[in-house]
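In case you want the letters, here they are:
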Amino acid sequence: MPMRHTWTELQPDLLRENIRLVRERLTRGSQLIFVVKSDAYGHGMANVAQAAWAGGARLFAVAHAHEAIALRACLPDARIVVLGVTEPAEAVAVLRERIEPVTVGRRHAQALADAVRREGSRLPLRCHVKLDTGMGRLGVAWDRACDELADVLRQPELEAVGLCTHLAKSGGPDTEFSLRQIERFRQADASFRRAGIAIPFRHVNNSGGILRHPEADFEGVRAGILLYGYAGPDVAAAARPLATKPFLQWKTRVAQVKRVEPGMPISYDGTHVVSAPTRLATILVGYADGFSRLLSNRGCVLIRGRRCPVVGRVTMNLTVVDVGPDSEAREGDEAVLLGRQETASLWADEMAGWRDTISYEVLTDIRTDDRRIVAPA
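Structural notes, computed from the coordinates. (Residues numbered from 1 in each chain as written. Predicted model: local features only at pLDDT ≥ 70, side-chain atom pairs only at ≥ 80, totals over all residues. Heavy atoms only, no water.)

### What about the overall build of the protein chain?
Looking only at helices and strands, the protein chain features 12 helices and 20 strands. Taking the principal axes of its C-alpha atoms as reference, the protein chain extends roughly 80 × 45 × 40 Å. Residues classed as buried in the protein chain amount to 54% of the 377 residues present. For the protein chain, long-range pairs separated by at least 24 residues make up 67% of all intrachain contacts whose partners lie at least 6 apart in sequence. Just so you have it, the protein chain exposes about 16,400 Å², and 50% of that area is on carbon and sulfur atoms. The centroid of the 50 positive side-chain charges in the protein chain is displaced by 2 Å from the centroid of its 45 negative side-chain charges. (Helix = DSSP H or I, 4+ residues; strand = E, 2+ residues; numbered from the N terminus. Buried < 20%, exposed > 50% of the residue type's maximum accessible area, 1.4 Å probe, protein only. Contact = heavy atoms within 4.5 Å. Areas by Shrake-Rupley, 256 points an atom, 1.4 Å probe, with all protein chains shown as cover. Lys, Arg positive; Asp, Glu negative; His and termini not counted. Charge placed at Lys NZ, Arg CZ, Asp CG, Glu CD.)

### Re helix H4 (residues 65-74)
Helical geometry note: an α-helix holds 3.6 residues per turn, so side chains three or four residues apart project in the same direction. Those residues of H4 that fall on the buried side of the exposure criterion are Ala65, Glu67, Ala68, Leu71 and Arg72. Projected onto a plane normal to the axis of H4, the buried residues spread over an arc of 150° and lie on a single side. Projecting away from the buried face of H4 at angles above 90 degrees are the exposed residues His66 and Ala73. Lining the buried residues of H4 we find helix H2 (37-42), helix H3 (45-54), strand S3 (59-62), strand S4 (79-85), helix H5 (91-96) and strand S5 (99-103). (Arc of directions from axis to C-beta.)

### Details of the side chain of Asp365
Tracing the sequence through the fold places Asp365 in the loop between helix H12 (359-364) and strand S20 (371-373). In this structure the side chain of Asp365 is engaged in a polar contact, spanning 2.6 Å, whose partner is the side chain of Arg355. What Asp365 contacts, discounting residues up to four positions off in sequence, is Asp289, Gly290 and Arg355. (Polar contact = N/O pair within 3.5 Å; in protein donor to acceptor, adjacent residues only side chain to side chain.)

### So, the nonpolar core
Of all hydrophobic cores here, the largest spans 113 residues; its most connected members are Phe34, Val36, Phe60, Phe192, Phe291 and Ile303. Ranked by the residues each element gives to this core, the list is headed by helix H7 (residues 145-153), at 6 residues. Membership of the second largest hydrophobic core comes to 6 residues, among which are Val260, Ile266, Val274 and Val320. (Core = buried A, V, L, I, M, F, W, Y, C linked by side-chain atoms within 4.5 Å.)

### Points about the pattern of salt bridges
For the structure shown, the criterion picks out 24 salt bridges. In this structure, the salt-bridge partner of Arg117 is Glu157, at a minimum N-O distance of 3.1 Å. Of this pair, Arg117 sits in helix H6 (residues 106-119) while Glu157 sits in the loop between H7 and strand S8 (158-164), placing them 40 residues apart in sequence. Owing to a relative accessible area of 38%, Arg117 belongs among the partly exposed residues under this scheme. Beyond isolated ion pairs, a larger network of salt bridges with shared partners links Asp189, Arg193, Arg202 and Glu219. (Salt bridge = Lys/Arg side-chain N within 4 Å of Asp/Glu carboxyl O.)

### Side note on the packing of H6 against H7
Across the interface, H6 lies against H7 with an axial gap of 9 Å and an inter-helix angle of 5°. One finds that H6 runs roughly parallel with respect to H7. Contacts from Arg106, Ala109 and Gln110 of H6 reach H7 at Glu148, Leu149, Asp151 and Val152. A class-by-class count of the residues in the contact of H6 with H7 yields 3 nonpolar, 1 polar and 3 charged. (Axes fitted to C-alpha atoms, helices over the stretch in contact; angles between N-to-C directions. Parallel < 35°, antiparallel > 145°, perpendicular 65-115°, else oblique. Nonpolar A, V, L, I, M, F, W, Y, C, P; charged D, E, K, R; others polar.)

### Considerations on the pairing of S5
Burial within S5 is extensive, with 5 of its 5 residues counted as buried. Burial along S5 is two-sided: the face carrying Ile99, Pro101 and Thr103 and the face carrying Glu100 and Val102 are both buried. Where S4 lies against S5, 4 bridges are found, and the strand directions are parallel. Bridging across to S5, Val81 finds its partner in Glu100. Of the strand pairs in this sheet, S5 and strand S6 (residues 125-132) are connected by 2 bridges, and their pairing is parallel. By the bridge assignment for S6, Thr103 is matched with Val129. The β-α-β motif built from S5, the intervening H6 and the parallel element S6 has right-handed crossover chirality. (Pairing = 2+ DSSP bridges. Right-handed = clockwise from strand over helix to strand, strands pointing away.)

Next comes the structure, spelled out in structure tokens:
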């Protein structure tokens, strides 16, 4: 088997502990919906889903139908919801795979129903109604939802089993906006019930909502970034913090180490010039692997338990770091891009700060086909 230049290591025991902590926080007997979209936030969907199932998770959510079909192959008995737009051409496939799409408006719901009718299925397509209560993205307007969808949802080809919305500001200090969204959701739910359409499974809260709005723990709660061990600065300041831990490490190796003298320019355009005698290590990762060019002269990695700054431009496949004049680093050493080494650690929130972005983007940028499962340390 060829050696991979970068790889990730997943620790299932930490994931299972995160699941336990989040489930304990939920109120009213709410069920946890584990969001594993975008390859489980860059962690590898198959490995994460199987570890989560072993940890007691039974409901999962993805963004697209093709993700849901791949997930079904991993988890034949899981309940799976597609949060994005399922195309009418995909309706028959998701019906056959017992996958539950959301409907985002009247035209979309009718197109899904028509596709099921053409198939001649005796079973309805179980679907969730997505309300726009203030996100301004996907979904039918909360104050018109019942008027627009009631007659469509009464068709035998559809069975409305879920009602959902997405909180736009749950991670920040503006709790009033989330409370307004939650109240709009309740009003839309009441409108459907008055029309004789009682939708049994309601889900509103996301990771931020879990920490700030227990009143929105309905029948289901969607947890994403919190289960991956991150919360972000706003959510971390919540009144009800939860200490989940990252369970993914991202690593590469040192390709070359050399001693350099002052005045030597490093990498493209010479944006770093060596100021004192030191040793430089070239590591086998670059922006093609998801190690952003924005980390040039800003980021760092861990080698031999020491933080080593990136010097010069990050290039497509290689990056240079300063390991220090007294370092014993050598070719073949492990370099930690995200994770822990000896007593030092470096996680996606910190890397996100160097890139002026969020941990979600750092994690989903990781590109490797070498994903390893590791036992507890």
